[in-house]
Amino acid sequence: MRELKDISKFWIAGINYKKTDATVRGQFAIQKQQYISILKRARAEGLNEVFVLSTCNRTEIYGFAEDVSQLINLLCSETAGDKDTFNRLAYLKNGVQAVEHFFYVSAGLDSQILGDYEIVGQIKASVKLAKEHGCINVLLERLVNTILQSSKAIKNQTQLSDGTVSVSFAAVQYIREHVKILTDKKILLLGTGKIGRTTCKNLVHYLQTKNITLINRTEEKAAELATELDLKHAPLSDLSKYISESDIILVATDSTEPTILSAHLEEQTSKLILDLSIPYNVESGAQHLPHVTLVNVDELSKLKDETLARRQADVPKAQSIIAEHIAEFLEWYDMRKHVPVLKAIKTKLKEIHKSPLFIPLYNDSTHTEENIQRVINGVAFKMKEHNKKGCHYIEAINEFIATATN
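Below is a short write-up of the structure. (Residues numbered from 1 in each chain as written. Predicted model: local features only at pLDDT ≥ 70, side-chain atom pairs only at ≥ 80, totals over all residues. Heavy atoms only, no water.)

Thoughts on the pairing of strand β5 (residues 187–190)
Of the two faces of β5, both are covered, the one formed by Ile187 and Leu189 as well as the one formed by Leu188 and Leu190. Across 4 bridges, β5 lies against strand β6 (residues 212–215) in parallel orientation. Within β6, the residue paired with Leu189 across the bridge is Leu214. Each parallel crossover has a hand, and the one from β5 via helix α9 (residues 194–207) to β6 is right-handed. (Buried < 20%, exposed > 50% of the residue type's maximum accessible area, 1.4 Å probe, protein only. Helix = DSSP H or I, 4+ residues; strand = E, 2+ residues; numbered from the N terminus. Pairing = 2+ DSSP bridges. Right-handed = clockwise from strand over helix to strand, strands pointing away.)

Topic: the sheet that holds strand β9 (residues 271–275)
As summarised here, the arrangement of the 6 strands in space is β7-β6-β5-β8-β9-β10, forming an open sheet in which the pairing is parallel. Across the chains shown, the open sheet's two edge strands, defined by having one partner strand only, are β7 (232–234) and β10 (292–296). Neighbour-to-neighbour, the strand axes of this sheet turn through a mean angle of 20 degrees, independent of strand direction. Two elements, β9 and β10, share 5 bridges in a ladder whose sense is parallel. Bridge assignment links Ile273 to a residue of β10, and that residue is Leu294. (Axes fitted to C-alpha atoms, helices over the stretch in contact; angles between N-to-C directions.)

Concerning the nonpolar core
Counting 66 residues, the largest nonpolar core has Phe10, Phe51, Phe86, Phe102 and Leu143 as its most contacted members. Per element, the largest residue contribution to this core is 8 residues, and it comes from helix α15 (residues 315–336). Residue contacts for Phe102: discarding those within four places in its chain leaves Ile12, Phe51, Tyr62, Ile123, Leu143, Val144 and Ile147. Membership of the second largest hydrophobic core comes to 35 residues, among which are Ile113, Ala252, Val297 and Leu300. (Core = buried A, V, L, I, M, F, W, Y, C linked by side-chain atoms within 4.5 Å. Contact = heavy atoms within 4.5 Å.)

Observations concerning the sheet that holds strand β2 (residues 50–54)
Pairing within the open sheet is antiparallel, and its 4 strands lie in the order β2-β3-β1-β4. A single partner strand is all that each edge strand has here, and the edge strands are β2 and β4 (91–94). In this sheet, neighbouring strand axes are inclined to one another by 15 degrees on average, regardless of whether the strands run parallel or antiparallel. Inspection of the sheet shows strand β1 (residues 10–16) paired to β4 by 4 bridges, in the antiparallel sense. Across the sheet, the residue bridging to Trp11 is Asn94, located in β4. Taken strand by strand, helix α3 (residues 68–76) contacts β1, β2, β3 (58–64) and β4, and its axis lies near 135 degrees from that of β3.

Written as structure tokens, this is what we have:
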């Protein structure tokens, strides 16, 4: 059995929208190749329970370490931002407080858009990659599974995820509110990753338009989504042409450098550009062009809708569900700590059963395995209820002998 880590060594270090704008968060955004490098470095440094969550709202590193500085050094080794900036802006959480924070993040209670349910998919993807690189073991896997159960219960039992609950949907809402006539508007969507796909489907469904062209760095991905939704697609080499022809441009790429430059937009017609990327993928100078309206993720996240009050009213119910699942996880953790003792007791009882000194005492050895398991269950219950130390072996042996000789 793998060693169970001490929960007091569980740390979260992160930055989010509460103290940083999207420009700063972009300096600490982690893309896939950076993430893989972090995971490999973690293993090399003996940190085998670590993962990173990097979204438009936050970049956080979760893991078990003797000191949180190990995790911060690991994260910042692959970011454009430096450790001094991160330490100045970061929040640090430890032990049960870190566990609670993780639950709140997964439920969308810590998101810019209250109830943002896209975070669940982002957590799953981050943990899956970490597991593939050997950085998710017993405790983290159990914690993540419990968190996903909690998030699912909140989604099913509350209205926390009703209405505008993601940047993807907020972008569609913004277009719906600010562009009165859509029928003749040409839309360009740049980037067909997870956020791009979700945004595209929302555009088709809520705006009832098919006048959309998809461009992606890997053209096959854009072609696949275009075929699925009956849209047009184009190669990245034609980007300038489609920028010129489009009225509305949505950018959902993961490039570390701007994909749309001010030069692309000069001497053009009026354009609405929604940049959903972290870091920004539209050059900042574009916002100063008189014919360009540029809206970024932080502005979109401030949108309010008619369901917000209803979602806020369900926050206490969501907190109650979280509390139940945290209690369940901590109970499992508390019992899991006793597993080595319980296994040792079980081994000792089996040795006693086979000992020539005790065989004459048995009335019936047919159900010995059942008797041993019943004793182990009783010991586990006493450990849970009374937490008595040093008496488990003696009590178990006495109970086993009494059971066997009656």
